[in-house]
Amino acid sequence: MDDLTKLINLPWATLLTLASGYAGYFIANVGIREHHKAIDVVFSTLVFGFFAAFAYNASQVLLGLSLSWASLVAFAFAVVVGGCWSLFGRYVLESLLRRLRVSYADELPSAWMALFSQRTVATQLSIKPKDGTWLKCEDLSRFRSSPNGPCRTWRKR
């Protein structure tokens, strides 16, 4: 209970930054938060909280809004930034990293999450079955004309 009291006694701008930041993080990562660690949540919350803090201060200083309205603007801004990240930002960043050959990772914890996504274009595939071996395909374009592309099952004959 002592920790909750300390948290409640933080300045309003800090509480608003944290709450808005988490809301932005939540919206930005709906459906893909399962594999996030605590550090991912904390730093993502701080990133979206930065945008909320910026909107809060700009609303009060530049627009002269009251505490209540500036808080609402800050919260809404963090949620909108989270939504924009989810809709456009993640895709643009991944495309840029691939184009620059920095990384081809999509950061999804399993192939099942990417299986039905239309945005994800796989070029390579690695699978580690339960027996510990690795199955790899370096060129998935060979299977482009197959039903479901490279994501199909092969039967041993």
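Each remark here, short or long, concerns the structure printed above.
Residues numbered from 1 in each chain as written. Predicted model: local features only at pLDDT ≥ 70, side-chain atom pairs only at ≥ 80, totals over all residues. Heavy atoms only, no water.

Caption draft 1: Up close: the overall build of the protein. Counting its regular elements, the protein contains 5 helices and 2 strands. In the protein, the succession of α and β elements from N to C terminus is α-α-α-α-α-β-β. Split into buried and exposed, the 157 residues of the protein put 22% on the buried side. Considering only intrachain contacts with a sequence separation of at least 6, the fraction spanning at least 24 residues in the protein is 44%. (Helix = DSSP H or I, 4+ residues; strand = E, 2+ residues; numbered from the N terminus. Buried < 20%, exposed > 50% of the residue type's maximum accessible area, 1.4 Å probe, protein only. Contact = heavy atoms within 4.5 Å.)

Caption draft 2: Focus on the side chain of Asn 29. Position of Asn 29 relative to the elements: it lies in the loop between α2 (12-28) and α3 (38-61). The exposure class assigned to Asn 29 is buried, which follows from its relative accessible area of 7%. Of the polar contacts made by the side chain of Asn 29, one reaches the side chain of Arg 90; its length is 2.9 Å. Those residues in contact with Asn 29 that lie beyond four places of it in its chain are His 36 and Arg 90. (Polar contact = N/O pair within 3.5 Å; in protein donor to acceptor, adjacent residues only side chain to side chain.)

Caption draft 3: Spotlight on the nonpolar core. Core analysis: the largest hydrophobic core is formed by 7 residues, namely Leu 16, Ala 52, Ala 55, Tyr 56, Ala 70, Ala 74 and Ala 78. Contributing elements (two or more residues each) for this core: α3 and α4 (67-99). Not counting the four nearest positions on each side in its chain, Tyr 56 is found in contact with Trp 12, Ala 13, Leu 16, Leu 67, Ala 70, Ser 71 and Ala 74. (Core = buried A, V, L, I, M, F, W, Y, C linked by side-chain atoms within 4.5 Å.)

Caption draft 4: Quick peek at α2. The first and last C-alpha atoms of α2 sit 24 Å apart over 17 residues, in line with the 24 Å expected at 1.5 Å per residue. What α2 keeps buried is the set Leu 16, Thr 17, Ser 20, Gly 21, Ala 23, Gly 24, Tyr 25 and Ala 28. (Expected span 1.5 Å × (residues − 1).)

Caption draft 5: Inspection of the environment of Leu 18 at higher detail. Looking at the element boundaries, Leu 18 is found in helix α2. Linking Leu 18 and Gly 49, residues 31 residues apart in sequence, is a C-alpha distance of 5.7 Å. Setting aside residues up to four positions removed in sequence, Leu 18 forms contacts with Thr 45 and Leu 46.

Caption draft 6: Representation of a nonpolar patch on the surface. Where nonpolar side chains cluster on the molecular surface, the patch consists of Leu 4, Leu 7, Ile 8, Leu 10, Leu 18, Ile 39, Val 42, Phe 43 and Leu 46 and spans about 790 Å² of accessible area. With 4 residues, α3 is the largest single contributor of residues to the nonpolar patch. Following the sequence through the fold, Leu 7 ends up in helix α1 (residues 2-8). (Patch = residues over 30% accessible without salt bridge, like charges linked within 9 Å, V, L, I, M, F, W, Y side chains within 5 Å. Areas by Shrake-Rupley, 256 points an atom, 1.4 Å probe, with all protein chains shown as cover. Salt bridge = Lys/Arg side-chain N within 4 Å of Asp/Glu carboxyl O.)

Caption draft 7: The packing of aromatic side chains, seen in detail. For the coordinates displayed, the defined rule picks out 3 aromatic pairs. Ring geometry for Tyr 22 versus Tyr 25: centroids 5.6 Å apart, planes at 45°, classification tilted. Separated by 3 residues within a single helix, Tyr 22 and Tyr 25 lie in helix α2, roughly one turn from each other. What makes Tyr 22 partly exposed here is its relative accessible area of 36%. Through pairs of rings, three or more aromatic residues link up here, namely Tyr 22, Tyr 25 and Phe 26. (Phe/Tyr/Trp six-rings, centres within 6.5 Å; stacked < 30°, edge-to-face > 60°.)

Taken by themselves, the reported measurements are silent on function.
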